[in-house]
Amino acid sequence: MKKLLFSTLALCLMACCKETKPVVNYEVIPLPQSIEYTEQEPFQLDAKTVITYPQGNALQEKNASFLASYIQELSGMPIKTQAGVTNGKRIVLKTDLQNANQEAYQLTVTSDQITIDGASPAGVFYGIQTLRKSIDVTHPKALVFPTVVINDAPRFAYRGMHFDVSRHFFTVDFIKQYIDILALHNLNKFHWHLTDDQGWRIEIKKYPRLTEVGSMRKETLIGHLLKDKPHQFDGKPYGGFYTQEQIKEIVKYAQDRYITIIPEIDIPGHTLAVLTAYPELGCTGKDYAVGTKWGVFDDVLCAGNEASYKFLEDVFDELTELFPSKYIHIGGDECPKTRWKECPKCQAKIKALGLKGDGEHTAEQQLQGYVVSRIEQFLKKKGREVIGWDEILEGNNISQDAIVMSWRGTEGGIAAAQRHNRAIMTPHYSLYFDYNQGEDPSKEPLSIGEYLPVKKVYDYEPIDPKLTPEQGKYILGAQANLWTEYIASPAHA
Ligand code: TNX
């Protein structure tokens, strides 16, 4: 990842020196695996250039029009796309590349032709992104491409970015823009955090109160949760949610860009919005209100009430109809056990299940493992796999198929890989984009607080040296997270 930083520096240097030729620079982010220049006259892209794709191939046709639209956006030049072969100046899209990595591509530039050959249409799409990024936005009209052979393939199958739309809500249009930014960076997973204490954001037909009641909060905290006390609120009702039609539209939009959306319904903690809508699903059954400030709340879904499981199964039934993703995120983070310890129903459940705690783990922690496993089994029957935040390791009783998202550091991911569970690395101190980017907090916007410079992000190595090569295979990849307690607008996001 260090190489990336140098390439960024190189780009800056080129810009500073006002170098004019060639301004196309293949050292983009992420940096391709190999870039080999060849000694020929460069390829000059002009209005006569035609993008061709194999006849009758709808995906490649879409790829061709993406490329045409990027070139138009950057240079203002309309470029034709065409099925089949053509003579003259052309950009050829094809999928003849033999590579076990289906996301691999080869980008070849000769004097009269650019070829993007992918191991699959997704590979071609990444080649298109590399070509697009190689155009210097400060000289968008100088479309002179040095001749080159680029071979590239992603190291990890899971390349994710997360977005929290509960703490603050973002429009369909902005979600599409966000997805565009993911595509630009060759990311292929969008982890969509759709529910939390401060708002439920997805229409569920069987439970209309989730959005009627659970998507609205009375008001929002002003200032910082820990630093600005006593707490003050803005007095303005706040809400928003996505209809199922909008969700389908966004899923399709992402799919077109080779991005899988992994929806997250965060349970059993972070569920104040659910309890406000359906108080009978909480341990105490009353006095809930959708969160108006941030943090972790004691009121969580009652794990002793069968109605909670029925509720979850119904919700996940509708969710899986909307999201084709193999992976479904079920949260599992920050679930205090305060209520469960006092709740007769939860205690009865613990007894019925014979959970006794094992010295290291309390019976309530094991109950959390039970909730996770039960939902996991339910989703498994539908052919889906679960991802959970690293707290799902808590009761030491999750199944071998659960995927651990390591956020409190790398320990959860390491422990998961060591016990042969798959893991996704998203340690907060390296990959939380809601943290400060600059060192001087007085110059930073209001944020959750820690200092996380870009360099630290680039330097992050997902496979910890503690893991053996065999264990390393359980690391599916990495993801950055954008939590939005203090991020209220698209511009800030
Ligand atoms: C911890 S990361 C949380 C979120 C917060 C975030 C703020 C995780 C699984 N839980 O609820 O928004 O920190 O950085």
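A quick note: this is a predicted structure, and the numbers were derived from the prediction, not measured.

Within the structure, the ligand sits among Arg167, His270, Asp333, Glu334, Trp389, Trp407, Tyr432, Asp434, Ile448, Trp483 and Glu485. Asp333 is positioned such that a nitrogen or oxygen atom in its side chain is 3.0 Å from a nitrogen atom of the ligand. A distance of 2.6 Å is found between an oxygen atom of the ligand and a side-chain nitrogen or oxygen belonging to Glu485. Here the ligand loses 93% of its free accessible area of 360 Å² to cover by the protein chains. When the residues that make up the shell around the ligand are grouped by side-chain class, the tally is 5 nonpolar, 1 polar and 5 charged.

Bringing the side chain of His270 into the picture now. Its place among the elements puts His270 in the loop between β18 (260-267) and α7 (272-277). Within polar-contact distance, the side chain of His270 engages the side chain of Asp196 at 2.7 Å. In this structure the side chain of His270 is engaged in a polar contact, spanning 3.2 Å, whose partner is the side chain of Asp333. Discounting residues that sit within four places of it in the chain, His270 has contacts with Arg167, Asp196, Asp197, Gly295, Asp333 and Glu334.

Here helix α4 (residues 172-184) contains 13 residues, and its C-alpha end-to-end distance of 19 Å stays within 8% of the 18 Å for a straight helix at 1.5 Å per residue. Among the structural elements, α3 (121-134), β10 (158-164), β11 (189-193), α6 (244-256) and β18 are those in contact with the buried residues of α4. Looking one or two residues beyond α4, the residue adopting positive phi is Asn186, at roughly 60 degrees.

As a further point, take the pattern of salt bridges. Summed over the entire model, instances satisfying the criterion amount to 28 salt bridges. With a closest N to O distance of 3.4 Å, Arg167 and Glu485 form a salt bridge. Taken as a pair, Arg167 in the loop between β10 and α4 and Glu485 in the segment after β23 (475-480) lie far apart in primary sequence, 318 residues in all. Side by side, Arg167 and Glu485 carry an identical accessibility label, which is buried. Salt bridges sharing partners connect three or more residues here, namely Asp164, Arg167, Asp196 and Glu485.

Note on placement: Asp96 falls in the loop between β5 (90-94) and β6 (105-109). Separated by 57 residues in sequence, Asp96 and Ala153 place their C-alpha atoms 15 Å apart. Those residues within four positions of Asp96 in sequence are excluded, and the remaining contacts are Asp117 and Gly118.

Pairing is mixed across the open sheet formed by 7 strands, whose spatial order is β1-β9-β6-β7-β5-β3-β4. Two strands lie at the open edges of the sheet, namely β1 (34-37) and β4 (80-83), each paired on one side alone. With direction set aside, neighbouring strand axes in the sheet form an average angle of 15 degrees. Here 4 bridges tie strand β3 (residues 50-53) to β4, and the two strands are oriented parallel to one another. Residue pairing for β4: Tyr53 is matched across the bridge by Ala83. Against the sheet, helix α2 (residues 58-75) touches β3, β4 and β5, its axis set at about 145 degrees to β5. Along the sheet face, α3 touches β5, β6, β7 (113-118) and β9 (148-152) and points at about 140 degrees away from the line of β7.

Picture the strands of a sheet paired through backbone hydrogen bonds; they go either parallel or antiparallel. In spatial order, the strands read β10-β11-β18-β19-β20-β21-β22-β23; together these 8 strands close into a barrel with parallel pairing. Direction aside, neighbouring strands of the sheet carry axes that sit 30 degrees apart on average. Sheet topology note: the β18/strand β19 (residues 327-331) ladder contains 2 bridges and is parallel. Of the residues in β19, the one forming a bridge with Glu264 is His329.

Conventions we followed
Residues numbered from 1 in each chain as written. Predicted model: local features only at pLDDT ≥ 70, side-chain atom pairs only at ≥ 80, totals over all residues. Heavy atoms only, no water. Near = heavy atom within 4 Å. Polar contact = N/O pair within 3.5 Å; in protein donor to acceptor, adjacent residues only side chain to side chain. Areas by Shrake-Rupley, 256 points an atom, 1.4 Å probe, with all protein chains shown as cover. Nonpolar A, V, L, I, M, F, W, Y, C, P; charged D, E, K, R; others polar. Helix = DSSP H or I, 4+ residues; strand = E, 2+ residues; numbered from the N terminus. Contact = heavy atoms within 4.5 Å. Expected span 1.5 Å × (residues − 1). Salt bridge = Lys/Arg side-chain N within 4 Å of Asp/Glu carboxyl O. Buried < 20%, exposed > 50% of the residue type's maximum accessible area, 1.4 Å probe, protein only. Pairing = 2+ DSSP bridges. Axes fitted to C-alpha atoms, helices over the stretch in contact; angles between N-to-C directions.

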